[in-house]
Amino acid sequence: MSILLQEEQDHILTLTLHRPEALNALNRALLLALDEAFAYADENDAIRCVVLTGAGDKAFAAGADIEELSAMSALEATAFSRLGNRMMRRIETLRKPVIAAVNGYALGGGCELAMACHLRIAHPRARFGLPEITLGLMPGFGGSQRLPRLIGKARALELMLTGRPVKAEEAVQLGLANQCPPEADFASAVEQLARQLAGNATMASQLLLQAVETGLDLPMEHALQVESQQFGLCFDHPDAREGTEAFLQKRKPRFL
Ligand code: DAK
């Protein structure tokens, strides 16, 4: 069976990390499969939202594959890091929203993968953490940069220097997860959000994702220019007219 399951339904692509025997740890083959799947999602207009989750009821992904890492030379580790970073960046800059449905452990590379997604829904049994320091390592897939951006420098440093895992509710309090529905509602909460995002005006959603992604790394003056430019581009698409007309006519919009 494939190490990355793919299912497409109603404009939503669901990707399931499938190495349950290793708690879905990220080896080279899985990183390559993810890179390919996200490239496909970006190019395929029928896909409007991606959900990423883990197989089994224990883990989203318990990190980079420690067994594979332990046998790597410095050169191989550099190549592995490059591949991981390229794949995570592909997710972050994807033109469609990506939801991480964090169904269990999201540790090390698994947490970094969840952080590269646009939104995170945590199952009550989810555990987020960057325990690399306890292995004599540091995050190698962007965690040292994405965690401070998500939750602030002091809190990120505390988690990375101690390697302490956080439970789902604390992850929500920290801003690391967007929500933690009750166990019985987890699947429906993921589906409901994915359907809502897939129903958005695609061009507006794409321009918004780009504005946030580009603007966050720019000084405010430049970031606002990016926003104005993206805002203006919305008007080139029929969805903008449809959305405003529908509001004025007191009906639901029918986006392309
Ligand atoms: N890699 C490989 N196998 C793993 C794994 C991992 N990260 N995590 C778990 N497994 C395997 C276990 O070895 C075990 O295999 P068998 O013994 O059954 O063959 C199986 O999954 C079930 O795990 P456990 O028996 O340990 O299950 P428990 O419920 O007792 O414990 C656990 C669950 C998640 C607490 C525990 O498995 C655990 O602590 N796992 C490791 C978590 C961790 O430290 N993850 C962070 C890894 S560091 C880099 C790029 C990126 C990174 C580093 C460098 N460069 C480019 C160089 C990132 C590093 C990391 O992600």
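One can find the structure itself at the top, above this paragraph.
Residues numbered from 1 in each chain as written. Predicted model: local features only at pLDDT ≥ 70, side-chain atom pairs only at ≥ 80, totals over all residues. Heavy atoms only, no water.

## Remarks on the packing of helix H1 (residues 28–43) against helix H3 (residues 74–92)
Then step 1. Close contact between H1 and H3 brings their axes to 9 Å; oriented N to C, the two are set at 30°. For the element pair H1 / H3, the angle class is roughly parallel. Viewed along their axes, H1 and H3 form a crossing whose handedness is left-handed. Where H1 abuts H3, its residues Arg 28, Leu 31, Leu 32, Leu 34, Asp 35, Phe 38 and Ala 39 lie against Phe 80, Leu 83, Gly 84, Arg 86, Met 87, Arg 90 and Ile 91.
Then step 2. For the contact of H1 with H3, the residue count by class is nine nonpolar, one polar and four charged. (Axes fitted to C-alpha atoms, helices over the stretch in contact; angles between N-to-C directions. Helix = DSSP H or I, 4+ residues; strand = E, 2+ residues; numbered from the N terminus. Parallel < 35°, antiparallel > 145°, perpendicular 65-115°, else oblique. Left-handed = near helix turned anticlockwise from the far one by under 90°. Contact = heavy atoms within 4.5 Å. Nonpolar A, V, L, I, M, F, W, Y, C, P; charged D, E, K, R; others polar.)

## Notes on H3
Then step 1. Look at H3: 27 Å from first C-alpha to last across 19 residues, which is about the 27 Å you get at 1.5 Å a residue.
Then step 2. Buried residues along H3 sit against H1, helix H2 (66–70), strand E5 (98–102), helix H4 (109–116), helix H5 (143–151) and helix H9 (202–215). (Expected span 1.5 Å × (residues − 1).)

## Quick notes on the nonpolar core
Where a protein is soluble and globular, its nonpolar side chains tend to be buried together.
Then step 1. Of all hydrophobic cores here, the largest spans 50 residues; its most connected members are Leu 34, Leu 113 and Phe 128.
Then step 2. Ranked by residue count, the leading element in this core is H1, at seven residues.
Then step 3. Excluding residues within four positions of it along the chain, Leu 34 makes contact with Leu 4, Leu 17, Leu 26, Leu 52, Met 87 and Leu 113. (Core = buried A, V, L, I, M, F, W, Y, C linked by side-chain atoms within 4.5 Å. Buried < 20%, exposed > 50% of the residue type's maximum accessible area, 1.4 Å probe, protein only.)

## Considering the site of the ligand
Then step 1. The environment of the ligand is made up of 23 residues, and the closest members are Lys 58, Ala 62, Ala 64, Ile 66 and Gly 109.
Then step 2. Within the backbone of Ala 64, one N or O atom sits 2.7 Å away from an oxygen atom of the ligand.
Then step 3. One of the backbone nitrogen or oxygen atoms of Gly 109 is found 2.8 Å away from an oxygen atom of the ligand.
Then step 4. With the chains in place, 63% of the 1,100 Å² that the ligand exposes on its own is no longer accessible.
Then step 5. Elements supplying a minimum of two residues to the shell around the ligand: H2, H3 and strand E6 (105–107).
Then step 6. For the shell around the ligand, the element with the most residues is H3, which contributes three residues. (Near = heavy atom within 4 Å. Polar contact = N/O pair within 3.5 Å; in protein donor to acceptor, adjacent residues only side chain to side chain. Areas by Shrake-Rupley, 256 points an atom, 1.4 Å probe, with all protein chains shown as cover.)

## Description of the sheet that holds strand E8 (residues 127–129)
Then step 1. One open sheet accounts for four strands, arranged E4-E6-E8-E9; its pairing is mixed. Lying at the two open borders of the sheet, with one neighbouring strand each, are strand E4 (59–61) and strand E9 (166–167).
Then step 2. Here E4 runs beside E6; their pairing, made up of two bridges, is parallel. Bridge assignment links Ala 61 to a residue of E6, and that residue is Ala 106.
Then step 3. Contacts from H4 reach E4, E6 and E8 within the one sheet, and its direction differs from that of E6 by about 95°. (Pairing = 2+ DSSP bridges.)

## Focus on a nonpolar patch on the surface
Then step 1. A surface patch of nonpolar side chains, about 280 Å² in accessible area, is lined by Ile 66, Leu 135 and Leu 137.
Then step 2. Within the secondary structure, Leu 137 sits in the loop between E8 and H5. (Patch = residues over 30% accessible without salt bridge, like charges linked within 9 Å, V, L, I, M, F, W, Y side chains within 5 Å. Salt bridge = Lys/Arg side-chain N within 4 Å of Asp/Glu carboxyl O.)

## Some words on the sheet that holds E5
Then step 1. The strand order E1-E2-E3-E5-E7 describes an open sheet built from five strands, whose pairing is mixed. One side of each edge strand has no neighbouring strand; the edge strands of this open sheet are strand E1 (4–9) and strand E7 (119–122). Across the sheet, the mean angle separating the axes of adjacent strands is 20° when strand polarity is ignored.
Then step 2. Summarising the sheet, E5 and E7 pair through four bridges and their orientation is parallel.

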